[in-house]
Amino acid sequence: MEAIFAFCVGLLTACGLFLTLRGRTFPVVVGITLLSYAVNLFLFSSGRLLINGATILGQSEQYADPLPQALVLTAIVIGFAMTAFVVILAIRARSDLGNDHVDGRNPPGAGLPSDRLKEKN
Amino acid sequence: MSLFWILLLPLLGTVVPLLTDRFGRTVCAFATATLPAMALVLVLLQVPAVFDGEAVVATLPWIPLLGLELSVHLDGLALLFAMLVLGIGLLIILYARYYLSSKDSMGLFYAYLILFMTAMLGIVVSHNLLQMWVFWEMTSVSSFLLISFWNHNTDARKGARMAMTVTGLGGLALLAGVIMIGNIVGSYDLTAVLSSGDLLREHAAYPVIVILVLLGAFTKSAQFPFHFWLPYAMAAPTPVSAYLHSATMVKAGIFLMARFYPVLSGTELWFVIVSLTGLTTLLIGAYTALFKHDLKGLLAYSTVSHLGLITLLLGMGSDMAAVAAVFHIINHAIFKASLFMAAGIIDHETGTRDMRRLNGLWKYMPYTATLAMVAAASMAGVPLLNGFLSKEMFFAETLDQSSLGSLSWMIPVLATVGTAFSVAYSLRFIHDVFFNGEPVDLPKTPHEPPRCMRLPIDILVALCLLVGIWPALLIGDLLAVAASSVVGGELPLYGLYIWHGFNLPLLMSALAMTGGAYVYFNREKLFTFQAQFPEANANLIFDKSVKWVMKQCAVFIEWFENGSLQRYAFLLILFAMVLLGLPLVDLDTTAGLRSQIPVDAVMLSGAALLALSALATVIWHRRRLIALLMLSVVGLIVSLAFALFSAPDLALTQLSVEVVTIILLLLALFFLPQSTPKESSPRRVARDLTIAAIFGGIIGTINYALITRPLDSISDFFLDNAKTGGGGTNVVNVILVDFRGFDTLGEITVLGIAALGIYKLIARMGLFKPTSDDDGRPWTEDKHPMMLSVISQGLLPLALLVSAYIFLRGHNLPGGGFIAGLVTSIAIIQQYIAHGVDWLKDRLKLDYQKVIGSGLLIATLTGVGSWAFGYPFLTSWYDYWTWPLIGEFEVASAIAFDLGVYLTVVGATMLILANLGQHTTTERARETEHQ
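Residues numbered from 1 in each chain as written. Chains lettered and ligands numbered in written order. Predicted model: local features only at pLDDT ≥ 70, side-chain atom pairs only at ≥ 80, totals over all residues. Heavy atoms only, no water.

1. Things to note about the overall build of chain B
Next, step 1: What chain B contains, in helices and strands, is 38 helices and four strands.
Next, step 2: Out of the 931 residues belonging to chain B, those deemed buried represent 54%.
Next, step 3: Partitioning the contacts of chain B with sequence separation of at least 6, the portion at a separation of at least 24 is 78%.
Next, step 4: Surface exposure of chain B reaches about 39900 Å², of which carbon and sulfur atoms provide 69%. (Helix = DSSP H or I, 4+ residues; strand = E, 2+ residues; numbered from the N terminus. Buried < 20%, exposed > 50% of the residue type's maximum accessible area, 1.4 Å probe, protein only. Contact = heavy atoms within 4.5 Å. Areas by Shrake-Rupley, 256 points an atom, 1.4 Å probe, with all protein chains shown as cover.)

2. Side note on the nonpolar core
Nonpolar side chains tend toward joint burial in soluble globular proteins.
Next, step 1: With 201 residues, the main nonpolar core has B:Leu74, B:Trp229, B:Phe260 and B:Trp270 as its most contacted residues.
Next, step 2: Looking at this core element by element, the count peaks at 21 residues for helix α17 (residues 319–350) of chain B.
Next, step 3: B:Trp270 has contacts with B:Tyr206, B:Val210, B:Leu214, B:Met257, B:Tyr261, B:Leu264, B:Ser265, B:Ser275, B:Leu314 and B:Gly315, leaving out every residue within four places of it along the chain.
Next, step 4: Formed by 125 residues, the second largest nonpolar core is a distinct cluster that contains A:Phe26, A:Val29, A:Phe44 and A:Val77. (Core = buried A, V, L, I, M, F, W, Y, C linked by side-chain atoms within 4.5 Å.)

3. What to know about the pairing of strand β2 (residues 68–74) of chain B
All names here are of chain B.
Next, step 1: Burial of β2 is extensive: five of the seven residues sit out of reach of the surface.
Next, step 2: As judged from the seven bridges shared by strand β1 (residues 56–63) and β2, these two strands associate in the antiparallel manner. Bridge pairing in β2 links Val-57 to His-73. (Pairing = 2+ DSSP bridges.)

4. Looking at the pattern of salt bridges
Next, step 1: Within this structure, the stated rule accounts for 17 salt bridges over all chains.
Next, step 2: For A:Arg24, the salt bridge identified is with A:Asp100, shortest N-O distance 2.8 Å. Of this pair, A:Arg24 sits in the loop between α1 (2–20) and α2 (25–45) while A:Asp100 sits in the loop between α3 (66–97) and α4 (116–120), and the two are 76 residues apart along the sequence. Like A:Asp100, A:Arg24 is buried.
Next, step 3: For the salt bridge of B:Arg161 with B:Asp543, the shortest nitrogen-to-oxygen distance reads 3.8 Å. Taken together, the residues span a long stretch of sequence, with B:Arg161 in helix α8 (residues 154–185) and B:Asp543 in helix α25 (residues 538–560) at a distance of 382 residues.
Next, step 4: Assessed through its relative accessible area of 17%, B:Asp543 is described here as buried.
Next, step 5: Among the charged side chains, a salt-bridge network with shared partners connects A:Arg24, A:Asp100, B:Arg624 and B:Glu679. (Salt bridge = Lys/Arg side-chain N within 4 Å of Asp/Glu carboxyl O.)

5. Points about the interface of chain B and chain A
Next, step 1: Contacts between chain B and chain A engage 110 residues on the former and 83 residues on the latter.
Next, step 2: At the boundary of chain B with chain A, total buried surface from both sides reaches about 9000 Å², with 77% on carbon and sulfur atoms.
Next, step 3: At the junction of chain B and chain A, the tally comes to three salt bridges.
Next, step 4: Per-class residue counts for the side of chain B that touches chain A are 70 nonpolar, 28 polar and twelve charged. (Buried area = accessible area lost by both parts, 1.4 Å probe. Nonpolar A, V, L, I, M, F, W, Y, C, P; charged D, E, K, R; others polar.)

6. Digging into the confidence of the model for chain A
Residues and elements named next belong to chain A.
Next, step 1: Across chain A, the average pLDDT comes to 85, with 88% of residues at or above 70.
Next, step 2: By mean pLDDT, the top-scoring element of chain A is α1 (95), and the lowest-scoring one is α4 (41).
Next, step 3: Low confidence marks residues 114–121, where pLDDT is under 50. Its contacts with residues over four positions away, or in another chain, come to 13 contacts. (pLDDT = per-residue confidence, 0-100.)

7. Re the packing of aromatic side chains
Working definition: an aromatic ring pair is given by the centre-to-centre distance plus the angle between the planes.
Residue and element names in this part refer to chain B.
Next, step 1: By the definition in use, this model includes 28 aromatic pairs over all chains.
Next, step 2: Seen in terms of ring centroids, Phe-556 and Trp-559 are 5.9 Å apart; in terms of plane orientation they differ by 45 degrees. Their pairing is tilted. Taken as a pair, Phe-556 and Trp-559 lie in helix α25 at a separation of three residues, close to a single helical turn.
Next, step 3: For Phe-556, a relative accessible area of 46% gives the class partly exposed.
Next, step 4: Take Trp-559: its relative accessible area is 53%, and that puts it in the exposed class.
Next, step 5: On the basis of an interplanar angle of 35 degrees and a centroid distance of 6.0 Å, the ring pair of Trp-559 and Phe-560 is categorised as tilted.
Next, step 6: For Phe-560, a relative accessible area of 44% gives the class partly exposed.
Next, step 7: Site record: aromatic cluster; members linked through ring pairs are Phe-109, Tyr-110, Tyr-112 and Phe-149.
Next, step 8: For Arg-567, the ring lying beneath its charged end belongs to Trp-559, and the centroid distance is 5.9 Å.
Next, step 9: A cation over an aromatic ring shows up here: Arg-687 above the ring of Phe-570, its NZ or CZ 3.7 Å from the ring centre. (Phe/Tyr/Trp six-rings, centres within 6.5 Å; stacked < 30°, edge-to-face > 60°. Lys NZ or Arg CZ within 6 Å of the ring centre and 35° of its normal.)

8. Focus on α25(B)
Next, step 1: Taking 1.5 Å of rise per residue, 23 residues should cover 33 Å, and α25(B) covers 32 Å from first to last C-alpha, within 8% of that figure.
Next, step 2: Where α25(B) is concerned, the buried positions are B:Ala538, B:Asn539, B:Phe542 and B:Asp543. (Expected span 1.5 Å × (residues − 1).)

9. Quick notes on a nonpolar patch on the surface
Next, step 1: Nonpolar side chains collect at one region of the surface, where B:Met786, B:Met787, B:Val790, B:Ile791, B:Leu795, B:Leu798 and B:Leu801 lie side by side and expose about 750 Å² of accessible area between them.
Next, step 2: Tracing the sequence through the fold places B:Val790 in helix α34 (residues 786–809). (Patch = residues over 30% accessible without salt bridge, like charges linked within 9 Å, V, L, I, M, F, W, Y side chains within 5 Å.)

Here you go:
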């Protein structure tokens, strides 16, 4: 099972990275979300994988490692806050710059207007 | 401790002139002089100890872990320089009192001057190399302020900038050299460094160190080819030139060479570089000085030439040459400071410094003329004056060396030629200015300056004479003790006499005198000869080279940092990949020894679903809505994975965060384009796919290697103490609110800040509000489906109840503030979705910013509360109470902390989503109004 788990983490990382390297803000946000899944799973697994265990005292004979769980729990919530921040930044950038490219301007030679906002209005 | 006061007094003294400026010029000058004078007394009190050879060192710890300490000392060399810096500094303060006009801000000038004095003192008394370097840079900065004091003047600004750039660059080289020395020796302490001469000289990096340190010294002391800044620094007020460019600033480089003389000299490399640089500088300076029509220009090049002479002496490698160098440092400081001051008086009283107009001043100011003539004679090396003595020693040493092998005879010859020019320009200073006909068209009628303005020159010229006549009596001991700390041991036997008898050096002097007189009286021919060459304007060349460097930097930055975030991300990932990948190559076996969990069909199909949906997200990433749906599948499986691998808290958190995230991203899609244009070139896609695949492979490998190895965790501590220490059985929650409560406090603070930041980002946004989707279909008119409204309304109390339950049980069973907060948020968001912002605005009057604030406040107060009981911040307390009907119930202070977490999470989530969401609604409301 460990091999499958590691494969999934690797795959999520690869997918996340590929999307992070795209030029438009939305795929980048999606990529960052995928990447944060991968990171959270990775950190969580540093406490090793355990089935049918618990971190509740008195409930189980085997205890899972509670420390990575506590760290990942806050990481998930903070990750949400950061994703939200990036999303809003992307929306704001589009409204201020008129395009949704991460560089703040449409790449030259792509046949796209440099300012979509004006065209729409 | 009194040693530190030597530095502290002048440092405090920098504010004195600013405070006393308003009480008039004389008061200001005297007040300014007080603290440096006290520092000079402190220095003089140490004289007996230094002469006895005691180590006068004082040390204060600064950053002990880094081996940094504040450390000052006084050895012979430091004592000599400290006396020069403070003594001449006091004379300059007196002189500047009369020199500055009422238009100049005297307080500011004195403040800069004393700041510079402190910096210079700091260089000479520092016992730690890094500390010395800091003061070294301080002299560059404060001299910049002094040179540009008349900053309305373009030349002053340009000259200051040039001096700053050149000496600053040298300072960087010196820093590199000092750090290398520190690394090799293992300490920046001067005692340790000075005793590691052999270690340094035999080290492979020795040539690099020598060149770096000498770069620092040569730039500061205006040695060829860095001498060009000094003449341009003459745009400074004359007291500054008299101080910085005779006795202090330019001597700092000489001081540096003298300081490192015991450890860095004694090799072929040192001799060749230092002596040849010194000789070249000596000749160029002396030759150029003759052609300068500006009085201060002549003195500036003369300074360059004399500094070259001292450098040449330090490069000769004999102990006696070092003695001569130290002797000439003293003599040059004395006569050059007085000459600069005399030049300042002439400028002040006549209104010009142009020697073509200044003639026959003897008639108008005989007293000043006499003083200037004595000082200039000392500069020329006339017997009975101090300049003569060190010049004789210099000649004797040039005869007594063999650094150029069979070409060594050239050095005494060239030295004589240089000195002849020195005689010639000194003659010009005397004859051209004070005799040679009548003044031409002077702006003012010259007369003698105020008595006190001349006093500093009186003192210095008297010293020229006294030292020239009774050298051994007056400075024999000081010279010996200073020279011995340069040589780093016993001095050779030598005598300081007014007369050394008829010998070869005397012949060289005589030759130089006659040669110099001949050159001067036939100068017209030389001037015509020199006029054939176009004068190189160092300022233009400097400007051009600065512009060239700036342009190259701009080109480089344009190429390297082109403003493309996409490119930065790529480079960052590439770099991380190399860093992560390299250690893996050394890892022999990937799999560890830990027993692995067997695979079953459920796990396998979950993993397959995860992989497929992750891939689908990537494949369909241009169709954003579909990609988002695929993403939510990934998130769902991740929460299932947490549930499977014994982390119920994580599963609950991930699940609720997932809901909130997807709603947020759906909202974002309203404001962003719904599809991504196809614009990456196939090459870029291939490149990104490759790097992503390799990186993913590396991460997967690391993860596999990690989780198949046995774990020795610190978590047993938490498991053992959760119940007894934190009073809860859900160890994850106890860690969050108790063991690592301070972390959690930090994290919810970040959450609150992020939410507030988002609030501000949205607040002033001119939102892009589409009326239709990308295909031109208008948004549906069916705003709030009836079924959804009714059901969600009924669900709300239930959801809140669940959330309260999850919150309360959190300490002992999966749950807690984070999860409960998210569940509450989802329940409220559902109402927003079902009824719209306007409907909820009247019914739910919650100011989410206040919710965040109160959450943070409660969490912090819970932590602070433990102070009231004398415990450290965030110590938790718990007890069991029996409540009627419910039975035994645990009350822990941690639950108050968790309440803070809960409130912050609810406030932050709602502030983000409700704020963004309401823009969709108001926009559409406005649209209908328009129609």
